[in-house]
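# Examining the three-dimensional arrangement
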Amino acid sequence: MLQEGASLGEAFLLPLGTQLKRQDGTVLRVQGRISPFEGEGEERYIATFWDQSQETRLQEEAQAFLDLNLDILAVADTQGRFLKVNRRMEEILGYPGTELEGQDFFRLIHPDDRENTANLLKDLEKPQTIRGFSNRYRTWDGRYRHLEWVARGSGDGYIYASARDVTEEI
């Protein structure tokens, strides 16, 4: 990677999660910038690194907690896109979380439930909580599951939601 950046003669960023090994053998996850400069007739480099180990560890711990939850947990935006989902949603709907994140969730909602869901989405643009709202989501294999939601609008474009699959209760 250094050779590629060096051949360009320009500064470049190391990707988040790049690993460096300390002399004692511990590994740091870093992000960094490497910049070439002329010095004493030869090209030299200045490297600056930011230790991302703690942030990465905290993200992994938060994800582990979300994945242990028995309920569906999701963060969405008020435009109708999933930003983050937990493993429980993957288990119930059958889609990989990476396929859901960033996608318009209206494409999964039963056509008869879309208008009501859109109206509630507008309400969640303000900081308030809506409880007991249910709609049907299409699973990966084409069936529909009834999900009952509790959602909180943050007032700044985000929605934090929890749901339970109540299909068997209906």
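Residue positions within a chain follow its written sequence, with the count starting from 1. This being a predicted model, a pLDDT of at least 70 is required before a residue's local features are given, and a value of 80 or more before pairs of side-chain atoms are given or counted; all residues contribute to the totals for chains, interfaces and linings. Side-chain figures throughout are based on the complete set of non-hydrogen atoms in the structure, without hydrogens or water.

## Structural notes on the packing of aromatic side chains
When the centres of two rings from Phe, Tyr and Trp lie within 6.5 Å, Trp using its six-membered ring, the rings pair. Their planes under 30 degrees apart give stacked, over 60 give edge-to-face, and anything left gives tilted. Going through the model one piece at a time under the given rule, you end up with four aromatic pairs. Ring centres of Phe82 and Tyr137 lie 6.5 Å apart, and the angle between their planes is 40°; this geometry places the pair in the tilted category. Highlighted residues: Phe82 in strand E5 (residues 82-85) and Tyr137 in strand E6 (residues 129-138), separated in sequence by 55 residues. Just as Phe82 is buried, Tyr137 falls in that class too. Feature note: the residues Phe82, Phe105, Phe106, Tyr137 and Trp149 constitute an aromatic cluster, connected by ring pairs. Elements are defined by DSSP. Helices are runs of H or I of four residues or more, strands are runs of E of two residues or more, and each kind is numbered from the N terminus. Residue exposure (1.4 Å probe, protein chains only): buried if accessible area is under 20% of the type maximum, exposed if over 50%, otherwise partly exposed.

## Focus on the sheet that holds strand E1 (residues 12-21)
The pairing of strands in a sheet happens through backbone hydrogen bonds and is either parallel or antiparallel. Note on pairing: two strands pair once DSSP finds at least 2 bridges between them. Strand order in the open sheet made by the three strands is E1-E2-E3, with antiparallel pairing throughout. What marks the edges here is a single partner per strand, and that holds for E1 and strand E3 (42-51). Averaged over neighbouring strand pairs, the angle between their axes works out to 40° when direction is ignored. Alignment of E1 against strand E2 (residues 27-39), held across seven bridges, turns out to be antiparallel. For Leu13, the partnering residue across the bridge sits in E2 and is Arg33. Only C-alpha atoms enter the line fits that serve as axes; for helices the fit covers just the stretch in contact. Angles between N-to-C directions range over 0 to 180 degrees.

## What to know about the nonpolar core
Buried Ala, Val, Leu, Ile, Met, Phe, Trp, Tyr and Cys residues that are joined via side-chain atoms within 4.5 Å together make up what is termed a nonpolar core. Counting residues in hydrophobic clusters, the biggest one holds 26 residues, and the most contacted among them are Phe82, Met89, Phe105, Tyr137 and Trp149. The set of elements that each furnish at least two residues to this core consists of strand E4 (72-77), E5, helix H3 (87-93), helix H5 (114-123), E6, strand E7 (144-153) and strand E8 (158-165). Beyond its immediate sequence surroundings of up to four residues, Trp149 is in contact with Ile72, Met89, Ile130, Arg131, Gly132, Phe133, Asn135, Tyr137, Ala161, Ser162 and Ala163. For this analysis, residues touch if any pair of their heavy atoms sits within 4.5 Å.

## Topic: the confidence of the model for the protein chain
Per residue, pLDDT captures the predictor's confidence, and it can take any value from 0 to 100. This prediction gives the protein chain a mean pLDDT of 87; 94% of its residues lie at or above 70. Mean pLDDT values over the elements of the protein chain span from 50, in helix H1 (residues 2-8), up to 97, in E7.

## Brief notes about the pattern of salt bridges
A side-chain nitrogen of Lys or Arg and a carboxyl oxygen of Asp or Glu constitute a salt bridge if their distance falls within 4 Å. Inspection of the entire model under this criterion finds nine salt bridges. Here Arg164 and Asp71 are joined by a salt bridge, their closest N and O atoms 2.5 Å apart. In this pair, Arg164 sits in strand E8 while Asp71 sits in the loop between helix H2 (53-68) and E4, placing the two residues 93 residues apart along the sequence. The exposure class of Arg164 is exposed, given its relative accessible area of 52%. Overlapping salt bridges bring together Arg145, Asp165 and Glu168 as one network.

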